[in-house]
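So you can see what is in the structure, the chains are spelled out below.
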Amino acid sequence: MKRTDLVHRSPTRLIALACALFLVCLAVVSVPKASAYFPKCGEGELRRQWYSDAEHTTLVGTYIYYCDCTYSRWGTQSGYLVEQLLPCP
């Protein structure tokens, strides 16, 4: 049996394989950018600030994870994120 005969005899398998390959590629591309290390309680303060544009002209949201394990947040998230990991006092 020739290799090309498998493709012609089983178009459903070929479509299933193509769909699976597409989903794998989509999953790889969709993986979000790795973010800053998320500290354990007392290890550090994590600050995340989201801006409206790449120039960081307008702050649109924040998330702060404090050293005492509490957090505060407001606003919205965007694609323009700045993260800082600060030492605890």
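Let me begin by describing the structure that accompanies this report. What you are looking at is a predicted structure, and each value in this text was computed from that prediction instead of being measured.

1. A look at the side chain of Arg48
Argument step 1. Inspection of the secondary structure puts Arg48 in strand S1 (residues 45–51).
Argument step 2. Residue Arg48 is classed as buried on the basis of its relative accessible area of 17%.
Argument step 3. A polar atom in the side chain of Arg48 sits 2.7 Å from the side chain of Glu83.

2. A closer look at the sheet that holds strand S4 (residues 80–86)
Argument step 1. Strand order in this open sheet of four strands is S3-S2-S1-S4, and the pairing throughout is antiparallel. Among the strands making up the open sheet, the edge pair consists of strand S3 (71–75) and S4. Put simply, the sheet's adjacent strands are angled 15 degrees from each other on average, direction ignored.
Argument step 2. Note: strand S2 (residues 59–65) against S3, five bridges, orientation antiparallel. Its bridge partner lying in S3, Thr62 is registered against Trp74.

3. Comments concerning the pattern of salt bridges
Argument step 1. Taken as a whole and judged by the stated rule, the model has two salt bridges.
Argument step 2. The partner of Arg48 in a salt bridge is Glu83, with the nearest N and O atoms 2.7 Å apart. Here Arg48 is found in strand S1, whereas its partner Glu83 is found in strand S4, with 35 residues between them in sequence.
Argument step 3. The partly exposed category is assigned to Glu83, whose relative accessible area is 22%.

4. Quick word on the state of the cysteines
Argument step 1. Using the criterion set out here, one finds two disulfides in the structure.
Argument step 2. In this model Cys41 forms its disulfide with Cys69; the gap between the sulfur atoms is 1.4 Å. One end of the pair, Cys41, is in the loop between helix H2 (11–30) and S1; the other, Cys69, is in the loop between S2 and S3, and 28 residues separate them in sequence.
Argument step 3. By relative accessible area, which is 33% here, Cys69 ends up partly exposed.

5. Points about the packing of aromatic side chains
Argument step 1. Considering all chains together, one arrives at one aromatic pair under this definition.
Argument step 2. Ring plane angle 25 degrees and centroid distance 5.6 Å describe the contact between Tyr63 and Tyr71, whose orientation is recorded as stacked.
Argument step 3. Look at Tyr63 and you get buried, because its relative accessible area is 17%.

6. Observations regarding the environment of His56
Argument step 1. On the secondary structure map, His56 appears in the loop between S1 and S2.
Argument step 2. Given a relative accessible area of 35%, His56 falls into the partly exposed group.
Argument step 3. Discounting residues that sit within four places of it in the chain, His56 has contacts with Tyr51, Tyr80 and Val82.

Conventions used here
Sequence order as written defines residue numbering, which begins from 1 separately in each chain. A pLDDT threshold of at least 70 governs which residues receive local features in this predicted model, and a stricter bar of 80 or more applies before side-chain atom pairs are shown or counted, although totals over entire chains, interfaces and linings include all residues. Only heavy atoms go into the side-chain values, all of them from the structure, while hydrogens and water stay out. Each helix corresponds to a stretch of at least 4 residues labelled H or I by DSSP, and each strand to a stretch of at least 2 residues labelled E; elements are numbered beginning at the N terminus. In this scheme, a residue with accessible area under 20% of its type's maximum is buried, one over 50% is exposed, and one in between is partly exposed, where area comes from a 1.4 Å probe on protein chains only. Nitrogen and oxygen atoms within 3.5 Å of one another constitute a polar contact, given that in protein one can donate a hydrogen and the other can accept it, and given that sequence-neighbouring residues count only through two side-chain atoms. We treat two strands as partners when DSSP finds at least two bridges between them. An axis is simply a line fitted to the C-alpha atoms; with a helix, the fit covers only the stretch in contact. Between two such axes, the angle follows the N-to-C directions and lies from 0 to 180 degrees. Counted as salt bridges are all cases of a side-chain nitrogen of Lys or Arg within 4 Å of a carboxyl oxygen of Asp or Glu. When the sulfur atoms of two cysteines come within 2.5 Å, that pair is taken as a disulfide. Between 30 and 60 degrees the pair is tilted, below 30 it is stacked and above 60 it is edge-to-face, where a pair is any two Phe, Tyr or Trp rings, Trp via its six-membered ring, whose centres lie within 6.5 Å. A contact between two residues is defined here by any heavy atoms of the two lying within 4.5 Å.

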